[in-house]
Amino acid sequence: MNEESRGRLGSNYQWVGKNTRRPDGVDKVTGRARYGDDMKLPGMLYGKILRSPHAHAKIVKLDTSKAEALKGVKAVVTGADIPDHEPAKPPYPPIINDFHDISRNVMAKDKVLYDGHAIAAVAATSEDIAKAALKLIEVEYEILPHVLDPKEAAEPGAPILHADQTTYESGSDAPSNLFRSSRGERGDLDAGFAEADVIVERDFSSEPIHQGYIEPMACVASVSEDGAVELWMTTQGHFVARQLLSKLLNIELAKLRVTASEIGGGFGGKTTVYQEPVAIRLAQKSGRPVRMAMTRSEAFRATGPTVGSRMTVKMGVKNDGTITAADAEIWYQAGAFKGAPIGRAADTFFSPYDIPNMRVAAHDVCSNRPKIAAYRAPGAPMACLGTEMVLNELAEKIGMDPVEIRLKNAVKEGDQSLMGTKHGRIGMIEVMEETKNHPHYAAPLGPNQGRGIAVGYWLHGGGLSSASVILQDDGTVNVATGNPDIGGSRSSMRAMAAEELGIDVELIKPIVGDTGQLPYSYQTAGSRTTYATGWAVVNAAREVIDKLRAIAAKKWDIPLEDVRWDAGQAIPTDNHTGIEPMSFKELAAMATKFGGAVAGHSEINAGGAGAAFSSQIVDVEVDPETGFVKPLRYTVIQDVGRAISPDYVEGQMQGAAVQGIGWALNEEYIYDDQARLLNTGFLDYRMPVASDVPMVDCVIVEVPNPNHPYGVRGVGEPCLVPAPAAVANAVENAIGKKMGSLPFNPPKVLKAIQAG
Amino acid sequence: MPKHNVTATINGDETDFTCRTDQTLLDVLRDVLYLTGTKNGCGTGDCGACTVIMNGRPVNSCLVLGAEVDGAEIETIEGMAKGNELHPLQQKFLDHAALQCGVCTPGILNMAKSFLEKNPDPTETEVRFALAGNLCRCTGYDKIIRAVMDAAAEMRENAR
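Residues numbered from 1 in each chain as written. Chains lettered and ligands numbered in written order. Predicted model: local features only at pLDDT ≥ 70, side-chain atom pairs only at ≥ 80, totals over all residues.

## Some words on the sheet that holds strand β2 (residues 13-20) of chain B
The strands making up a sheet associate through hydrogen bonds between their backbones, and the pairing can be parallel or antiparallel.
All names here are of chain B.
Working step 1: Strand order in the open sheet formed by five strands is β2-β1-β5-β3-β4, and the pairing between neighbours is mixed. If you trace the sheet from one side to the other, it starts and ends with β2 and β4 (57-60), each paired once. Strand-to-strand, the axes of this sheet are offset by a mean angle of 40°, without reference to chain direction.
Working step 2: In this sheet, strand β5 (residues 73-75) lies alongside strand β1 (residues 3-10) in parallel orientation, the contact comprising two bridges. Within β5, the residue paired with Ile10 across the bridge is Ile74.
Working step 3: On the sheet, helix α3 (residues 105-118) packs against β3 (51-54) and β4 and is oriented at approximately 40° with respect to β3. (Pairing = 2+ DSSP bridges. Helix = DSSP H or I, 4+ residues; strand = E, 2+ residues; numbered from the N terminus. Axes fitted to C-alpha atoms, helices over the stretch in contact; angles between N-to-C directions. Contact = placed C-beta atoms within 7 Å.)

Structure, rendered in structure tokens:
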């Protein structure tokens, strides 16, 4: 734990807020932990997918007969084997699962829509044979014009990806790549800008960024003769995966058992299905288990990165720093199928600030790139980039400190976001005060160095979660939840259960249950797991306590309400003398004699999730001769509500900071003039390595969320929101020039330096 | 495709296996010997997740052919702990919370182990450059660097 966090966190809890050795740790440092591709089944076949080399083309001919005839090939699947579904109909929910699209993204039917789009698959007795079989599949394409840029794609006359897609809300029958827009407005924008002393309007762009999880997608599907399906997969949400697969492939939910492997990173990218439906179909056709594992190149070409963006942001302030008006329009690059996070744009552009007059428009535009997937706070880091860069320029123009301008306009309890979220107790002001007072903020800078700050907002998720707390008769406990553990959630589940039960964490073994063992749980996504699933664990633990109190009451022959629970013991109230308290362990041992084994269960739909803020201070040094940017110092300040496992909270903050560095300085998808992806490996898609980055200092701010039993707020996403903006602001500060197009790589920075 | 009979010492055990010419050491470890602790992150030598120690040197096992390791000594993550006793690096990774998803961890541990054998008293910068071939997307490297520095200190202490 970093020095700066130590000593700040205070509570009377025994386990909540304490660093303990993570329950999955030993297996992960010894190689025992089993990830997606570590499962081997008897008779297992190897599945491989043939992918389109073209960005946009009609499939004129697809002949798999030679592949089917190859010795060792046991099944072949094409788009015809993936059931088709009717397109989703309005009114559309914020997040659309359109099975018409999912079916086509899993495997193209008549057209390919991006370089890497799946068109056929084989399962063979070895990977070698499977690869050889792919080469025998004959495909003829009729190449169509493509479009990549989201603003161009939204223009009339752009190459159309989906002939049957029109612009929702437009009333027009004309096919369009613009699927829909989200708009939010408050106050009087013109009057607001008229009140301003200074107005800044700028354009920005950001490129799709891949989540960059180190473990590519992998799964093993097995289908029994009675039709029951078992699927082992790396996923952030096996219940959601099951839901999607069930609907897509017409398999009954209870007969589709999905087990989440250990997951080698996700960051939002592993929240949908890609090759899993294909693996199931290959297993159904061959009658054998089928393993599929993507290569890195497939991960880049065919799994969703986050959206790219083009945007214009305009803000006005008075000379005293009051923001009077703010206006933003953003075009999100959804990729081949609709689904850009437009709703979140309106919620995140200006939400750290209380602004009387504002407007946000966000557009969901298809183009010939892989369909986007979630990536930590989907849509928000781009919005934050525009706002935080414009706000810094405004502060500069009126001669105000950038932290002061943020404090002056800070959103607080009782304020309402543009999308209507009425804030309860939130920590924006506390976070900015910590930023202002942090020694990093006042530290001297050397030549060619610059400092940037930015603050980000994110409304974390709640939703459906389930948990079982199962008492064993030796006094140990299993805690089972339905959420894959990406960042250390098992530690947090264990800590909250231990706190409730009053027992040592080492007596608790947390596990991730499969879809047949627990009720539905939404994904490990939206920074929701410690919040919502943790809440379910607390409820389930309390049920165990109630059952143990009942046992004590029976044993002592006193009323239940006369038994209280404290520090892991059942204790009779003071009116019962001569009765010794009974420990958790004693009660566990006698449980079966009092009516059966003891467990607590909880299924909840957690509401009350709140807003979280993360502020970041970054120093960089720019080489004026090459434009190379070196991050020198990085501090993350974040309101986490309550840090259940502080080390893992810091881990989220530090990981986000470095992802933000990559996003701001290096990472982007690079296409050739035929819209073929050129950088399909980690050598050319350059994520930050250890020598690129400094230590990341963390300041954990705790403004407990009053809605949660332990005050938890979401942690994993808020810290990525301001990271690219903070780094970008630092670069502008170092070079004294304005830039707007991420990534700020050396050629672009050099060009900015040299421009007048 | 021709096949090769290979004998190598893997985690101290003499091990015979048969592999095709095009199978990498990574393929052999994972698919032939079922030593799945060695991870496949890219298959092109860019991520370091498959790092093992071959004749005392760290290698990307995806860039070594199975047939090349005849007569070699290979150390994988499965051989790092001695019985139930974790290697100081493994212990320090747990103490410092230096892993999240853990999929890069075996490769990083092997890389760090062989680095510290050559440079037992490194600076932070030296550790960062030694691990520059091992991608981690979760941690931002901070806690990994601290864990390696701390393990180095403990190993120096133990060696006294």
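Once the structure has been displayed, the description carries forward.
## Remarks on unusual backbone geometry
All names here are of chain A.
Working step 1: In this structure, Pro91 follows Pro90 across a cis peptide bond, with omega equal to 0°.
Working step 2: Tracing the backbone through its elements, the reader meets Pro91 in the loop between β3 (73-78) and α3 (99-106).
Working step 3: With phi around 60°, Ala377 is a residue other than glycine that occupies positive phi space.
Working step 4: Structurally, Ala377 can be placed in the loop between β15 (357-366) and α11 (380-398).
Working step 5: In this structure, Ser527 is a non-glycine residue whose phi angle is positive, near 55°.
Working step 6: By secondary structure assignment, the location of Ser527 is in the loop between β19 (508-512) and α16 (529-556).
Working step 7: According to the C-beta neighbour criterion, Ser527 is buried, with 27 such atoms within 10 Å. (Buried ≥ 20, exposed ≤ 12 C-beta atoms within 10 Å, placed from the backbone.)

## A few points about the interface of chain A and chain B
Working step 1: The interface is formed by 43 residues belonging to chain A together with 43 residues belonging to chain B.
Working step 2: Secondary-structure elements contributing two or more residues to the side of chain A that touches chain B are α1 (25-30) and α18 (646-665) of chain A.
Working step 3: Element by element, the count of residues in the side of chain A that touches chain B is highest for α18(A), at seven residues.
Working step 4: When the residues that make up the side of chain A that touches chain B are grouped by side-chain class, the tally is 18 nonpolar, 14 polar and 11 charged. (Nonpolar A, V, L, I, M, F, W, Y, C, P; charged D, E, K, R; others polar.)

## A word on the nonpolar core
Working step 1: Of all hydrophobic cores here, the largest spans 297 residues; its most connected members are A:Val122, A:Ala221, A:Ala497, A:Val537, A:Val727 and A:Val731.
Working step 2: If one sorts the elements of this core by residue count, α16(A) sits on top with 13 residues.
Working step 3: When residues of this core are sorted by domain, at least three fall in each of domain 1 (3-79) and domain 2 (88-159) of chain B.
Working step 4: Aside from chain neighbours lying at most four places away, what touches A:Val537 is A:Ala467, A:Val469, A:Val479, A:Thr481, A:Met493, A:Met496 and A:Ala497. (Core = buried A, V, L, I, M, F, W, Y, C linked by C-beta atoms within 7 Å. Domains from an automatic or database assignment.)

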